[in-house]
Amino acid sequence: MAFVIFLIPCFVISTDIAFSCQNADDFVGASAPGDIIIGGLFAVHSEMLHPEEDPIKPVIQNCAGFEIQVFLQTLAMIHAIETINNSTLLSGVTLGYEIYDTCAEVTKAMASALRFLSKFNSSEDAVEFKCNYSDYIPRVKAVTGASYSEVSMAVSRLLALQLIPQEVILTSNATPGAVVSPASSAEILSDKIRFPSFFRTIPSDFHQTRAMTRLICESGWNWIGVIATDDDNGRFALESFGVQAMANNVCIAFKEMLPAYLSDSTFHTKVDHAIEKIVKETGVNVIVVFMRQFHVLKLFKKAIERNVKKVWIASDNWSAAVKISTIPNIRQLGTVVGFGFKSGDISSFQEFLRNLHEKPTENNKFLHEYIMLLSVCEYLEYHDFQKCIANQSQDDLLENAGSKPQIWRDDFLNANIEQGFIHSTILAVYAIAHAIKGQCKDRDCKDPSALAPWELLEELKKVVVIDDDKEVKFDPNGDMSTSYDVLLWKEIDGHMEITTMAEYDAEKGGFIFEDEEKKKDFLALKKVQSTCSPHCRPGQVKKVTESPHTCCYECIYCPENHYSNQTDMDYCYQCNNKTYWAPINSTTCYRKTIYFLAWTDWFAIFLLLLSAFGVVVVLSICVIFTKNLDTPVVKASGGLIVCYIILFSHFLIFLSTVFFIDVPTDFKCKTRQALFGISFTLCISCILIKSLKILLAFSFDPKLQNFLKCMYKPIPAVVTCTGIQVIICTFWLIFRTPFVNQNFSIPKVIILECNEGSIVAFGIMLGYIAALAFICFIFAFKGRKLPENYNEAKFITFGMLIYFIAWIVFIPVYATTFGKYLPAVEIIVVLISNYGILCCTFLPKCYIIIYKQETNTKSAFLKMVYTYSSKSAGSVAVSQVSLDSKSSSLRATVTDSCKTENDSENGNSHFQVPGQPLIKGKVLPKNAAGTMIRKRVSSI
């Protein structure tokens with residue numbers, strides 16, 4: 001009960017509340033009768049005077065600081081209501097209004113809200129306490145205002161008792177009943193749980209702070225200061241801006257909060273401190289200001305005294321304030337860029353202002369006060385005139401109550417119009433009127449009790465208003481999604497003009513320019529630098545320092561194989577190390593150069609010329625041997641077919657070098673080693689048979705002769721030796737085949753090379769060739785002392801030595817070499833070994849055929865054999881005794897081991913001189929050594 005008893009006095013407004021307003025009607029600033037009353041809350045004065053007596057009493061005081069811009073908003077509301085009443089929009093239902101001055105004070109605004117809540121036609125203007133207000137009919141159906149978010153929040157909560165709609169023009173609040181604000185922009189007012197009856201015809205601060213952040217980012221700034229008033233509006237705006245700034249990597253170097261009321265004793269001290277902070281932070285050249293107009297006036301006057309020159313980003317509260325743009329020396333402050341509400345066509349309102357002097361002032365105290373101000377300040381210049389009006393208090397004007405101005409100065413009112421606020425005020429009234437129209441279709445709204453405020457609230461949610469041929473409506477949060485004008489304060493003909501530079505689309509989040517000139521003005525903002533650290537260029541990356549701000553950093557180069565392609569990157573991108581590379585401080589990745597032994601490489605050309613020359617040599621030898629087919633030298637070489645086979649294998653070896661050059665492919669990788677291995681094996685196999693044949697022809701040791709005759713099977717031997725190599729290569733190609741490999745060991749290069757698949761298989765192939773070459777070397781070494789003209793074994797020995805030396809050197813060189821010239825190493829060793837064997841095998845014979853033709857005859861050949869046999873006869877005679885004692889066993893051994901024909905069982909032995917038919921003779925009996933030479937010579 002005690003609580004209820006306390007509340008009732010709070011909701012009662014007495015008729016003799018104080019000497020500043022003798023009755024409740026004196027409290028009303030402007031009014032007009034109507035079937036449906038709309039309330040208005042506007043801060044026509046910037047501050048409320050505080051009593052000096054002690055103790056302080058609960059008295060509503062007079063106000064000071066007449067605000068022309070807000071006064072114009074009250075006129076806009078009156079004009080809109082009069083226009084609606086003179087139209088057919090409400091079909092016979094007239095609108096009335098009651099407009100109150102909040103003096104920018106929550107206390108006075110709450111007193112006005114209490115009057116709105118008082119019961120209709122109540123003689124005591126009292127608010128009844130009820131648990132259910134559904135049938136309660138208050139004095140007003142809806143409220144337009146207030147000018148500031150802090151006031152709107154308080155009023156909205158109070159009006160929520162009866163769900164009276166509130167539309168805000170200048171702030172961003174939401175109150176029950178229906179509060180339609182044309183000014184309150186605080187983001188918190190979009191919360192329909194806390195402010196269910198609040199609507200506004202402007203966007204919330206969320207869109208404004210996002211637009212500011214977008215402007216800052218596009219201008220290349222990231223180090224800024226913020227100054228705001230220490231009230232709900234300033235704190236919520238600062239919070240919203242801080243979130244947007246953080247999301248866009250914009251750092252706030254400092255935040256300064258100024259007292260919300262000019263009467264605060266610390267106000268001037270806080271302003272001085274804010275100016276000192278701005279001066280101290282030399283790197284901060286952009287200041288965002290969320291303050292009321294009279295706060296900005298004080299701040300700018302002090303900044304001009306200190307010669308502060310910055311870029312000032314203005315909130316919608318003061319971005320279009322003419323009284324600030326006309327401050328003397330305002331140009332010294334630097335550049336002012338602001339965001340204002342999108343304006344519409346207000347030509348009818350301007351016409352209304354031209355006829356304002358004809359309007360009665362009995363029911364409009366604001367207009368009456370303005371007329372008195374004109375009379376007091378009429379002979380002053382523009383700025384002094386404006387200053388005079390703002391500095392007069394209501395108490396001061398009582399002395400001039402009866403005077404009238406000689407000059408109306410309607411140009412002054414037009415010059416102070418802030419089109420965004422005027423347009424949103426008119427839009428708020430029309431939104432309420434459309435909601436009333438929707439509710440009055442099926443009821444008689446001339447009866448005030450026919451319509452409850454909460455019913456009007458539901459209708460407002462569905463209202464669609466045509467504004468400049470566009471449909472606008474409230475979103476679920478009670479906001480109208482209108483756009484912003486980006487305003488630039490620009491000096492034209494010596495006067496500071498507020499121009500529209502661009503339009504900010506709140507839905508798309510971008511700027512729209514009418515022409516290129518305005519876009520240039522926008523881009524010119526980039527000339528101002530406001531960063532904590534210099535921008536990191538492409539190729540650099542930000543390194544965070546000890547500073548708590550992420551905008552303060554060092555720029556370091558991106559490391560090798562990393563890059564950055566934008567300014568102020570937080571990290572470097574890594575290149576694909578397999579195919580791309582990047583140097584230190586790189587802005588892009590570069591594709592690695594693909595290296596291989598190309599046809600155009602000078603070394604490849606040199607090696608190809610050597611191979612081509614080898615092919616020419618092979619063909620030349622073929623021609624020489626073909627022309628001298630019947631000579632002893634050619635016959636001694638095994639005949640033309642054997643020579644052709646050997647020369648063909650040499651040709652294939654030279655040909656295999658081609659597969660080591662140009663872009664490696666799987667086919668080349670598989671072909672080159674197999675072709676070389678099989679061809680070289682064929683060559684060595686044929687030479688091995690030749691070595692065996694020579695040793696057999698000139699050997700006088702019976703044991704060795706019998707062994708060699710068993711081994712000497714030319715065709716099976718060659719096929720077997722080559723076939724083994726074919727099997728090795730086949731298994732290699734099937735199970736561990738060579739393939740193309742990309743070598744990334746060099747940073748900037750991709751080396752295309754053949755991976756042998758299996759080093760073991762590669763080694764087995766080369767080892768098998770080496771084994772055959774070693775056997776061939778042993779046989780050739782045995783026959784190194786044969787007749788000079790017939791001594792092919794000596795040159796075969798040299799050829800095998802060249803082969804061994806080349807491949808022994810190749811192994812360590814191959815193991816330590818990498819890069820595109822690795823195939824060249826293989827080509828070199830192939831050419832050396834091939835040239836060595838080719839030259840040692842055929843060039844001595846070609847020399848004899850061409851230059852020693854006298855030794856290339858049958859007689860010369862027989863003479864040479866005879867001489868060699870004579871020298872060897874002595875050694876044969878010495879060993880004859882041992883031959884006789886073992887002749888029987890030798891015949892048995894020969895018979896068992898070689899299974900010779902019948903004549904060998906009778907003691908016949910076979911000798912063959914190359915180029916001659918096989919010689920058959922008896923095994924030498926005792927004392928027959930002297931006759932052996934004659935028999936061998938006669939046989940040859």
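Above this text you will find the structure in question.
Cut-offs used in this document
Residues numbered from 1 in each chain as written. Predicted model: local features only at pLDDT ≥ 70, side-chain atom pairs only at ≥ 80, totals over all residues. Heavy atoms only, no water. Helix = DSSP H or I, 4+ residues; strand = E, 2+ residues; numbered from the N terminus. Buried < 20%, exposed > 50% of the residue type's maximum accessible area, 1.4 Å probe, protein only. Areas by Shrake-Rupley, 256 points an atom, 1.4 Å probe, with all protein chains shown as cover. Pairing = 2+ DSSP bridges. Axes fitted to C-alpha atoms, helices over the stretch in contact; angles between N-to-C directions. Parallel < 35°, antiparallel > 145°, perpendicular 65-115°, else oblique. Left-handed = near helix turned anticlockwise from the far one by under 90°. Contact = heavy atoms within 4.5 Å. Nonpolar A, V, L, I, M, F, W, Y, C, P; charged D, E, K, R; others polar. Phe/Tyr/Trp six-rings, centres within 6.5 Å; stacked < 30°, edge-to-face > 60°. Lys NZ or Arg CZ within 6 Å of the ring centre and 35° of its normal. Core = buried A, V, L, I, M, F, W, Y, C linked by side-chain atoms within 4.5 Å. Right-handed = clockwise from strand over helix to strand, strands pointing away. Salt bridge = Lys/Arg side-chain N within 4 Å of Asp/Glu carboxyl O. Polar contact = N/O pair within 3.5 Å; in protein donor to acceptor, adjacent residues only side chain to side chain.

Visitor: Run through the overall build of the chain, naming residues and quoting values.
Guide: For the chain, the helix and strand inventory stands at 31 helices and 30 strands. Buried residues in the chain amount to 54% of all 940 residues. Counting only carbon and sulfur atoms, one obtains 58% of the accessible surface of the chain, whose full area is about 42,600 Å².

Visitor: Talk me through the sheet that holds strand E28 (residues 749–755); I want residue IDs and the actual numbers.
Guide: Within a beta sheet, neighbouring strands are joined by backbone hydrogen bonds and run either parallel or antiparallel to one another. Pairing is mixed in the open sheet, where three strands are placed in the order E26-E28-E27. The outermost strands of the open sheet, each flanked by one partner alone, are strand E26 (593–595) and strand E27 (739–743). Strand-to-strand, the axes of this sheet are offset by a mean angle of 30°, without reference to chain direction.

Visitor: Let's hear about the packing of helix H5 (residues 205–218) against helix H6 (residues 232–247): which residues, and what values?
Guide: Axis separation between H5 and H6 bottoms out at 9 Å; the angle between their running directions is 45°. Relative to H6, the element H5 is oriented oblique. Note on packing geometry: the crossing formed by H5 with H6 is right-handed. In this structure, H5 contributes Asp205, Phe206, Thr209, Arg210, Met212, Thr213 and Ile216 to the contact, and H6 contributes Asn233, Ala237, Ser240, Phe241, Gln244 and Ala245. Taken together, the residues of the contact of H5 with H6 break down into six nonpolar, five polar and two charged.

Visitor: Go over the packing of aromatic side chains with me, naming the residues and quoting the values.
Guide: What describes a pair of aromatic rings is the distance from one ring centre to the other and the angle between the planes of the rings. Counting across every chain of the model gives 40 aromatic pairs. Note on phenylalanine 511 and phenylalanine 522: the rings are 5.1 Å apart at their centroids and 50° apart in plane angle, and the pair reads as tilted. Of this pair, phenylalanine 511 sits in strand E19 (residues 510–512) while phenylalanine 522 sits in helix H17 (residues 516–523), and the two are eleven residues apart along the sequence. Through successive ring pairs, a cluster of aromatic residues spans Phe676, Phe680, Trp732, Phe762, Phe774, Phe777, Tyr803, Phe804, Trp807, Phe810 and Tyr814. Residue placement shows lysine 820 over the ring face of tyrosine 595; its charged tip is 5.1 Å from the ring centre.

Visitor: Residue-level account of unusual backbone geometry, with values.
Guide: One non-glycine residue with positive phi stands out, namely aspartate 568, at about 55°. Along the chain, aspartate 568 falls in the loop between strand E22 (562–563) and strand E23 (573–574). Taking the relative accessible area as the measure of exposure, aspartate 568 reaches 18% and is therefore buried.

Visitor: If you had to explain the nonpolar core to someone new, which residues and values would you point to?
Guide: Judged by nonpolar contacts, the single largest core of 71 residues is most densely connected at Phe625, Phe676 and Met800. Looking at this core, the elements with two or more residues in it are helix H18 (602–627), helix H19 (632–636), helix H20 (640–656), helix H21 (666–697), helix H23 (714–735), helix H24 (759–782), helix H25 (792–816) and helix H26 (822–851). Sort the elements by how many residues they give to this core and H26 lands first, with 14 residues. Residues contacting methionine 800, with those up to four places away along its chain left out, are Ile684, Ala773, Cys776, Phe777 and Ile837. In this structure, Val44, Tyr370, Leu373 and Leu457 belong to the second largest nonpolar core, which totals 63 residues.

Visitor: Please give an account of the pairing of strand E12 (residues 286–290) that cites residues and values.
Guide: Across a regular strand the side chains alternate sides, sitting on one face of the sheet and then on the other. Extensive coverage of E12 is indicated by the burial of five of its five residues. Side-chain alternation along E12 places Val286, Val288 and Phe290 on one buried face and Ile287 and Val289 on a second face that is also buried. The pairing of strand E10 (residues 223–229) with E12 spans four bridges and is classified as parallel. Bridge pairing in E12 places alanine 228 opposite phenylalanine 290. With four bridges connecting them, E12 and strand E13 (residues 310–314) associate as parallel partners. From the neighbouring strand, valine 288 faces E13, where its bridge partner is isoleucine 313. Tracing the backbone out of E12, into helix H8 (residues 293–305) and back to the parallel element E13 gives a crossover that is right-handed.

Visitor: Requested: an account of the sheet that holds strand E18 (residues 495–505), with residues and values cited.
Guide: Strand order across the open sheet formed by eight strands is E11-E10-E12-E13-E14-E17-E18-E19, with mixed pairing between neighbours. The two strands at the open ends of the sheet, each matched to only one other strand, are strand E11 (251–258) and E19. Across this sheet, the average inter-strand angle for adjacent strands is 25°, counted without regard to direction. One ladder, built from three bridges, connects E18 with E19; its direction is antiparallel. Paired with aspartate 505 across the bridge in E19 is glycine 510. This element, helix H7 (residues 267–280), spans E10, E11, E12 and E13 of the sheet and lies at about 165° to E11.

Visitor: Any details on the pattern of salt bridges? Residues and values, ideally.
Guide: Under the counting rule described, the total for this entry stands at 24 salt bridges. As a salt-bridge pair, aspartate 570 and lysine 542 come within 3.0 Å of each other at their nearest N and O atoms. Linking aspartate 570 in the loop between E22 and E23 with lysine 542 in strand E20 (residues 540–544), this pair joins segments that are 28 residues apart in sequence. Residue lysine 542 is classed as buried on the basis of its relative accessible area of 16%. One network of salt bridges, with partners in common, ties together Asp272, Lys302 and Glu305.

Visitor: Please provide a residue-by-residue account of the side chain of serine 611, values included.
Guide: Looking at where serine 611 falls in the secondary structure, it is placed in helix H18. The class of serine 611 is buried, set by a relative accessible area of 4%. At a separation of 2.9 Å, a polar atom in the side chain of serine 611 contacts the side chain of threonine 657. Residues in contact with serine 611, not counting those within four places in the same chain, are Phe654, Thr657 and Leu831.

Visitor: Give a detailed account of the packing of H24 against H25, specifying residues and quantitative values.
Guide: Interaxial distance between H24 and H25 falls to 9 Å at its minimum, and their mutual angle equals 150°. Here H24 lies roughly antiparallel to H25, going by the angle between them. The handedness of the crossing between H24 and H25 comes out as left-handed. Here Leu766, Ile769, Ala770, Ala773, Phe774, Cys776, Phe777, Ala780 and Phe781 of H24 lie close against H25, whose contacting residues are Ala793, Ile796, Thr797, Met800, Leu801, Tyr803, Phe804 and Trp807. Split by residue class, the contact of H24 with H25 holds 16 nonpolar, one polar and no charged.

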